[in-house]
There are 2 protein chains.
Amino acid sequence: MSLTFHLDFASSEARAGRLITPHGEVETPVFMPVGTVASVKGVPQETLEELGVQILLANTYHLYLRPGVTTVRQMGGLHRFMAWPRAILTDSGGFQVFSLNDLRKVTDEGVTFRSHLDGSTHFFSPESAMEAQIALGADIIMAFDECTEYPADAARTRASMELTLRWAERSKKYFEDHKAEVPWNAAGEIARATPVPATQALFGIVQGGMDHKLRRESAARTVEIGFPGYAIGGLSVGEPRALTREIVEATIAHLPSDKPRYLMGVGTPEEIVDYACLGVDMMDCVLPTRAARHGLLFTSEGKVSIKQARYAQDETPLDPNCGCRVCRRYSRAYLRHLYASNEVLAQGLNTVHNLSFYLDTMRRVRHAIRLGERSRFLSDVWSRPKP
Amino acid sequence: MSLTFHLDFASSEARAGRLITPHGEVETPVFMPVGTVASVKGVPQETLEELGVQILLANTYHLYLRPGVTTVRQMGGLHRFMAWPRAILTDSGGFQVFSLNDLRKVTDEGVTFRSHLDGSTHFFSPESAMEAQIALGADIIMAFDECTEYPADAARTRASMELTLRWAERSKKYFEDHKAEVPWNAAGEIARATPVPATQALFGIVQGGMDHKLRRESAARTVEIGFPGYAIGGLSVGEPRALTREIVEATIAHLPSDKPRYLMGVGTPEEIVDYACLGVDMMDCVLPTRAARHGLLFTSEGKVSIKQARYAQDETPLDPNCGCRVCRRYSRAYLRHLYASNEVLAQGLNTVHNLSFYLDTMRRVRHAIRLGERSRFLSDVWSRPKP
């Protein structure tokens, strides 16, 4: 048993379902908060549970550098290490190598890169990226890919896509040969709870830049290799948002409807609703957590930049239509004061609210899909009852 | 009604009681966590409630500078501003002016000082310090005093003590004339709940440096002015700990037994137990919160410097004898990883544990006093059942 995907409801492109992972069920479409180094910055795990988070994303690149995959493996994997019993997804490290390293060197074998922490030299191949992700032990792990830069010409885009396809095959082969090594399998925790030994699920990643034909080819050939789920990578890399949407729509058309579809690295609250409407099942983005740390808060009445002096004596809650623990207790004036005073609590409270807003948004999207109200999505989701 | 102090149990010097404030009951002896600018750094108020915090300390000096007392007054006072319905104590600002300002200028009228934030010039007098503390609206406020530096010669110590006594009279006069201006009285919240309008309680502060006779005189003359509670100030300013204890013991002997005694700015876990044994009812210190932010954690098995590599793969809880939410969930390895990775969650979790340790310690001290086991205090409090 690695992963089961149940599609419960579908209306037009949009669909609602459930991912059954070795660490619990995940209702889809789902937004996955990012816990880069095994922590959603400023928010304890018990608060994430309270928010209803069913799956977290953690970054292989960061965890590989600190605390190191050996440490996490010896601690029984990420779930035990970070005391998070629910589902986890790790990326392959490819995107961070791409975005944090100007000096990376890519060959067919893999990528040589320098640590952003201390400048030390490291090497990731499909095999070593799988080895790292098996050691981390997330429920869903990702094939090692090259994220094609934007813009890129036709020849470069094809070459990059071909590389990703070769690496997908190598990722799958290594994973199939080594998947029994997942630390929680050795620990026997999951094995006792399920009739057959539980393993991780490896997803493939579709590349192909901004070229419809290459996206179609990448999708078809990735599906041919065969994975329990498919990600759309190489987007949100600087291209216009209209183009992102166009490529998402074009790529989804070539993905099997019975497998989960994961759009990597998006988006704003409006965008995640839109992508769910197009049939995306999983998304992740640093936006809600990173924006919170900069005092940018998402509310049912629009964005609030809490640092502004206009909120200094505003006794109202951040979002009168939000039921999160921050909006239930604190005023805009207090949140503004914490931010203006560089108090560390500002980060925690702001992040809890923004995550709550994202998770509530997806909850209402799932509800609308289950009611078959796909056509009224955007209006439903964005017009909440006023107090 | 401003404050009632019930002494429930006393064995030898040590005593256990209850402070009844307009914002709830406080069991004594009590350790008050410090929330400098209306936030205990990194810990949300709901977690402080869960820890059993009954009274918080906030700093007038910091709040005066940011967000400003006018803002807090207009928000209904500190309780409403920071969404903390339980008791609050504010200091007078005198100690911060003393410790954060090398360029302060003291006259009989008051103190001119510069903001540590922007260098702007400000002036505190007994009257303006009372005005600020009435606007902030804490349940217990402190007379404006001069904290005598250490070391100081006899003439300087006497002059400083005399100044504090003149300021104590002026503080009391201003307070008596203006106490009806407390913002929650205007708001009527407390007035509705109690038969007579509730007001704040102003405590006097005993100075007198390290001189037994001056301490005795300062105590006698402060008691003559008359306050509902008495603080021992001017300690923990660089003197040896044995001397601190000696002066505490000598000063307590001259304070009335039916009024709460507040020892300002102490101490380590061992010290707060010791001072409670001597008959101190209230204490505050930045040590548990500041040490937490530097990775120094107090446990039943001694101090733990969580940054050390020896904890990198330590799966055990920080303190096996602690029931706080951090020790129930997270391993030393995870806490060490958060600290080493500069994750902001490290501050929050470490602070929750250290506060829990301090509050548990005082809980056990109160229990021991109630059982009349004063003589077995130190051994009782420090020998917990091993798992």
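As the structure is a computational prediction, the values presented were derived from the model and not from experiment. (Residues numbered from 1 in each chain as written. Chains lettered and ligands numbered in written order. Predicted model: local features only at pLDDT ≥ 70, side-chain atom pairs only at ≥ 80, totals over all residues. Heavy atoms only, no water.)

## Observations concerning unusual backbone geometry
Note the cut-off: Each helix corresponds to a stretch of at least 4 residues labelled H or I by DSSP, and each strand to a stretch of at least 2 residues labelled E; elements are numbered beginning at the N terminus. Any residue under 20% of the maximum accessible area for its type is buried, any over 50% is exposed, and the rest in between are partly exposed; the area is computed with a 1.4 Å probe on protein chains only.
The amide bond that connects Val266(A) to the next residue, Gly267(A), takes the cis arrangement and shows omega of 5°. Structurally, the position occupied by Gly267(A) is in the loop between β13 (261-263) and α12 (269-278). Positive phi outside glycine occurs at Ser236(A), with the angle close to 55°. Following the sequence through the fold, Ser236(A) ends up in the loop between β12 (230-232) and α11 (241-252). Assessed through its relative accessible area of 22%, Ser236(A) is described here as partly exposed. We note that Ala83(B) has phi near 55°; this positive angle belongs to a residue other than glycine.

## Remarks on α11(A)
What counts, and what does not: In this analysis, the expected span of each helix is defined as 1.5 Å times one less than the number of residues it contains.
In this model α11(A) runs 17 Å from its N-terminal to its C-terminal C-alpha over twelve residues, within 8% of the 16 Å that 1.5 Å per residue would give. Residues Leu243(A), Thr244(A), Ile247(A), Val248(A), Ala250(A), Thr251(A) and Ile252(A) constitute the buried set of α11(A).

## Topic: the environment of Arg336(B)
Residues and elements named next belong to chain B. Note the cut-off: Note on definitions: a residue-residue contact is assigned when non-hydrogen atoms from the two residues lie within 4.5 Å.
Here Arg 336 lies in helix α15 (residues 332-340). Linking Arg 336 and Lys 307, residues 29 residues apart in sequence, is a C-alpha distance of 5.5 Å. Ignoring sequence-local partners within four residues, the contact set of Arg 336 consists of Ile 306, Lys 307, Gln 308, Ala 309, Tyr 311 and Ala 312.

## Looking at the side chain of Glu46(A)
Structurally, Glu46(A) is set in helix α1 (residues 45-51). Filtering out sequence-adjacent residues up to four positions away, Glu46(A) remains in contact with Arg325(B), Arg329(B) and Tyr330(B).

## Side note on empty space enclosed by the protein
Heads up, the rule is: Only protein atoms enter the 1 Å grid, on which a cavity is a set of points fitting a 1.4 Å probe that cannot get out and a pocket is an open set with protein on both sides within 12 Å along at least 5 of 7 lines, lining residues being those with an atom within 4 Å of a point. Grid points are joined across faces, edges and corners, and a volume is the space filled by probe spheres set on the points.
What the rule picks out here adds up to three cavities of 30 Å³ or more. Size it by volume and the largest cavity reaches roughly 270 Å³. Considering the residues around the largest cavity, the lining is formed by 21 residues, among which Gly42(A), Pro44(A), Leu345(A), Gly42(B) and Pro44(B) are closest to the centre. Of all the secondary structure elements, the ones that give two or more residues to the lining of the largest cavity are α1 and α16 (344-370) of chain A together with α1 (45-51) and α16 (344-370) of chain B.

## A word on the relation of the copies chain A and chain B
Turning one copy of the chain about an axis and sliding it along that axis gives the other copy, so a rotation and a shift relate them. Just so we agree on the cut-off: Superposing copies: least-squares fit, C-alpha atoms only, residues required to have pLDDT of at least 70 in both.
Note on the identical chains: chain A maps onto chain B by a rotation of 180° and an axial translation of 0.0 Å, with an RMSD of 0.0 Å. Such a combination of turn and shift is consistent with a two-fold rotation axis. Identified as the residue of chain A closest to the rotation axis by C-alpha distance is Val344(A), at 3.7 Å. By residue overlap, the copies meet face to face through one surface: 100% of the interface positions of chain A are interface positions in chain B.

## Concerning the interface of chain A and chain B
Test applied: The term buried area denotes the loss of accessible surface (1.4 Å probe radius) that occurs when two parts are joined, taken as the sum for both partners. Whenever a carboxyl oxygen of Asp or Glu lies within 4 Å of a side-chain nitrogen of Lys or Arg, that contact is scored as a salt bridge. Think of it as three bins: nonpolar holds Ala, Val, Leu, Ile, Met, Phe, Trp, Tyr, Cys and Pro, charged holds Asp, Glu, Lys and Arg, and polar takes everything else, Gly as well.
Taken together, the 41 residues of chain A in the interface contact 41 residues of chain B. Interface area, chain A with chain B, both sides summed: about 3,500 Å², of which 48% is carbon and sulfur. For the pair chain A and chain B, the number of links is ten salt bridges. The residue Glu343(A) makes a salt bridge to Lys41(B) at a minimum N-O spacing of 2.6 Å. Going through the elements one at a time, α1, α3 (69-74), α4 (78-82), α14 (325-329), α15 (332-340) and α16 of chain A are the ones with two or more residues in the side of chain A that touches chain B. Looking at the side of chain A that touches chain B element by element, the count peaks at five residues for α15(A). Residues of the side of chain A that touches chain B, tallied by class, amount to 21 nonpolar, ten polar and ten charged.

## Points about the pattern of salt bridges
Two side chains bearing opposite charge may form a pair once their charged atoms approach each other closely. Applying the stated rule across the entire model yields 54 salt bridges over all chains. With a closest N to O distance of 2.7 Å, Glu49(A) and Arg329(B) form a salt bridge. Highlighted residues: Glu49(A) in helix α1 and Arg329(B) in helix α14 (residues 325-329), drawn from two different chains. A relative accessible area of 22% places Glu49(A) in the partly exposed class.

## So, the pairing of strand β15 (residues 296-299) of chain B
All names here are of chain B. The following threshold applies: Strands qualify as paired when DSSP identifies two bridges or more between them.
Note that β15 and strand β16 (residues 302-305) share four bridges and pair antiparallel. Bridging from a neighbouring strand, Phe 298 pairs with Lys 303 of β16. Where β15 hands over to β16, the hairpin turn is made up of two residues, counted between the paired strands.

## Focus: the pairing of strand β5 (residues 55-58) of chain B
Residue and element names in this part refer to chain B. The two faces of β5 match: Ile 55 and Leu 57 on one face and Leu 56 and Ala 58 on the other face are all buried. Pairing between β5 and strand β6 (residues 87-90): four bridges, direction parallel. Among the inter-strand pairings, Ile 55 is bridged to a residue of β6, identified as Ala 87.

## Quick notes on the environment of Val53(B)
Residues and elements named next belong to chain B. Residue position: Val 53 is located in the loop between α1 and β5. Owing to a relative accessible area of 0%, Val 53 belongs among the buried residues under this scheme. Taking the C-alpha atoms as reference, Val 53 lies 36 Å from Lys 213; in sequence the two are 160 residues apart. Beyond its immediate chain neighbours, meaning those up to four positions away, Val 53 contacts Pro 33, Leu 48, Trp 84, Arg 86 and Leu 359.

## Some thoughts on the packing of helix α6 (residues 126-136) of chain A against helix α7 (residues 154-178) of chain A
Helix packing geometry: the angle between the two helix axes and the distance between the axes. Residues and elements named next belong to chain A. The condition is simple: Here an axis means a line fitted to C-alpha atoms, over the contact stretch when the element is a helix, while the angle between two N-to-C directions is reported on a 0 to 180 degree scale. Any angle between 65 and 115 degrees counts as roughly perpendicular, while under 35 counts as roughly parallel, over 145 as roughly antiparallel, and the rest as oblique. The sense of a crossing depends on the near helix, which, turned anticlockwise from the far helix by less than a right angle, makes the crossing left-handed and, turned clockwise, makes it right-handed.
Interhelical geometry of α6 versus α7 gives an angle of 45° and a closest axis separation of 8 Å. Taken together, the axis directions place α6 and α7 in an arrangement best described as oblique. Note on packing geometry: the crossing formed by α6 with α7 is right-handed. Packed against α6, whose contacting residues are Pro 126, Glu 127, Met 130, Glu 131 and Ile 134, the element α7 presents Trp 167, Arg 170, Ser 171, Tyr 174, Phe 175 and His 178 at the interface. Looking at the contact of α6 with α7 residue by residue, the class counts come to six nonpolar, two polar and three charged.

By themselves, these observations are geometric and do not establish any function.
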